[in-house]
Amino acid sequence: VREHLPVPVSWRNGAVRVLDQRALPHTVKYVECRTVDEVCNAITSLAVRGAPAIGAAGAYGVALAAAQTSSSASVHAAAARLERARPTAVNLAWAVRRTLDAYDEGGADGALDAADAIAADDVAANEAIGRNGLTVIPEHDGGARVLTHCNAGHLATAGYGTAIGVIRAGYDAGRVQHVWIDETRPVLQGARLTAWELHELGIPSTLVVDAAAASLMAAGDVDMVVVGADRIAANGDTANKIGTYGLAVLAKHHDIPFVVAAPWSTVDLATPDGRAITVETRDPDEVTHVGGTRVAPNGVAAHNPAFDVTPAALISAIVTEHGVARRPLAKSLPALARR
Ligand code: MRU
């Protein structure tokens, strides 16, 4: 991990400290959450976002509750609130429950140790995803030209990144030469966060509007698409930022590998397929406004699903820290659990 990237989530002086991603790229500042409600608010308002990062924040939220009360019922109630803060990324529920189990076993110290372990394990998993991802990067003279959507980088995790982890490892190995960054409407995680992160890392990249992906692929300028995930069902169906499904359809049409990179904490074997994944619907204001400025007429209806589900049939490979699952994913993905 290059040290100059700010730490997305940490425990500091008895509070949960999150890098305020709403203020990026112009300002690097932090939100110090001193109550569980403040942690929930940081998660729902996208101050902290990205599946593994909200998992770490939720885990530290449980540790915060445990440090502040001796009532087990209060800690359990706080965990339930944290778990509900956002519905789609399974990492949140997974991390909250794991930390709550540790609290039940070992009290407040046990909860904090568990939260620290979740964050440390996530960084190690992402570095392993980067290494494993080298095997899925297509050969191309001078390195592959890769397209990514949303932000599945250092900022979206406890550190290093998943999809951007594959890009970082690939760039360091001379296997990636350039990244196309989808701006990622409506909240612009690509334009604000991925563009900032890749610039900080010195990885050559170019920002495009989401609608440019089709013509870039048709022109032969994209060798691979790599994205992160919020929840991967047992059969490989994958929920990720809205627009991911469309990219997968485009990649199939143009015969371009479409790769998902995620830690095992994003795989939800209890969910059989994508139909069972809850997709968060967010405030229509995110669609009618850009950067806080209204662009749509007053009174217009807007619909804002934050994620979509890409069918496994469109996914070439899923890269995890346990290894790479390839088609048929319904068979190869659950098999990785035993590694
Ligand atoms: O709404 P967001 O910004 O939390 O959505 C994030 C994504 O869709 C990411 O691709 C996903 O969480 C993976 S992050 C490693």
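Provided above is the structure to which this section pertains.
Counting from 1, residues in each chain are numbered in the order their sequence is written. Totals for whole chains, interfaces and linings use every residue, but because this is a predicted model, local features are given only for residues with pLDDT of at least 70 and side-chain atom pairs only at 80 or more, for both listing and counting. Side-chain metrics in this entry use all non-hydrogen atoms of the structure; hydrogen atoms and water are not considered.

Colleague: Break down the overall build of the protein for me, with residues and values.
Modeller: Under the DSSP-based scheme used, a helix requires at least four consecutive residues in state H or I and a strand at least two consecutive residues in state E, with every element numbered from the N terminus. Counting secondary structure elements, the protein contains ten helices and 16 strands. Our radius of gyration is a C-alpha quantity, and the globule rule it is checked against amounts to 2.2 Å times the number of residues to the power 0.38. Computed over the C-alpha atoms, the radius of gyration of the protein is 19 Å, within 12% of the 20 Å expected from 2.2 N^0.38 for a compact globule of 339 residues. For the protein, the spread of C-alpha atoms along the three principal axes comes to 60 × 55 × 40 Å. The buried share among the 339 residues of the protein stands at 56%. Throughout, a contact is declared for two residues whenever any of their heavy atoms are within 4.5 Å. Counting only contacts in the protein whose residues sit at least 6 apart along the sequence, the fraction spanning at least 24 positions is 74%. We count Lys and Arg on the positive side and Asp and Glu on the negative side, and we leave His and both chain ends out. The atoms used to mark charge sites are NZ of Lys, CZ of Arg, CG of Asp and CD of Glu. Counting 29 positive and 36 negative side-chain charges, the protein places the averaged centre of each group 2 Å from the other. For each residue, the accessible area found with a 1.4 Å probe, counting protein chains only, is set against the maximum for its type, and the residue is called buried under 20%, exposed over 50%, and partly exposed in between.

Colleague: So, the nonpolar core: which residues are in play, and what are the values?
Modeller: Burial of nonpolar side chains together is a common tendency in soluble globular proteins. With 40 residues, the main nonpolar core has Val9, Val16, Ile43 and Val48 as its most contacted residues. Elements with a minimum of two residues in this core: strand 2 (15–19), helix 1 (36–44), helix 2 (51–68), helix 3 (72–84) and helix 4 (90–133). Per-element tally for this core: the top contributor is helix 2, with twelve residues. Here Val48 is in contact with Val9, Val18, Gln21, Ala42, Ile43, Ala53, Ile54 and Ala57, once residues within four sequence places are set aside. Residues enter a nonpolar core if they are buried and are Ala, Val, Leu, Ile, Met, Phe, Trp, Tyr or Cys, with the set joined through side-chain atoms within 4.5 Å.

Colleague: Go over unusual backbone geometry with me, naming the residues and quoting the values.
Modeller: Note that the residue after Leu24, namely Pro25, is joined by a cis bond; omega there is 10°. Looking at the element boundaries, Pro25 is found in the loop between strand 2 and strand 3 (30–33). Put simply, Arg185 and Pro186 share a cis peptide bond, and its omega is 5°. Along the polypeptide, Pro186 turns up in the loop between strand 5 (176–182) and helix 6 (189–201). Phi at Tyr160 is positive, roughly 85°, even though this residue is not glycine. Note on placement: Tyr160 falls in the loop between strand 4 (144–148) and helix 5 (163–172). Here the phi dihedral of Thr184 falls at roughly 70°; this positive angle occurs in a residue that is not glycine. By the secondary structure assignment, Thr184 is in the loop between strand 5 and helix 6.

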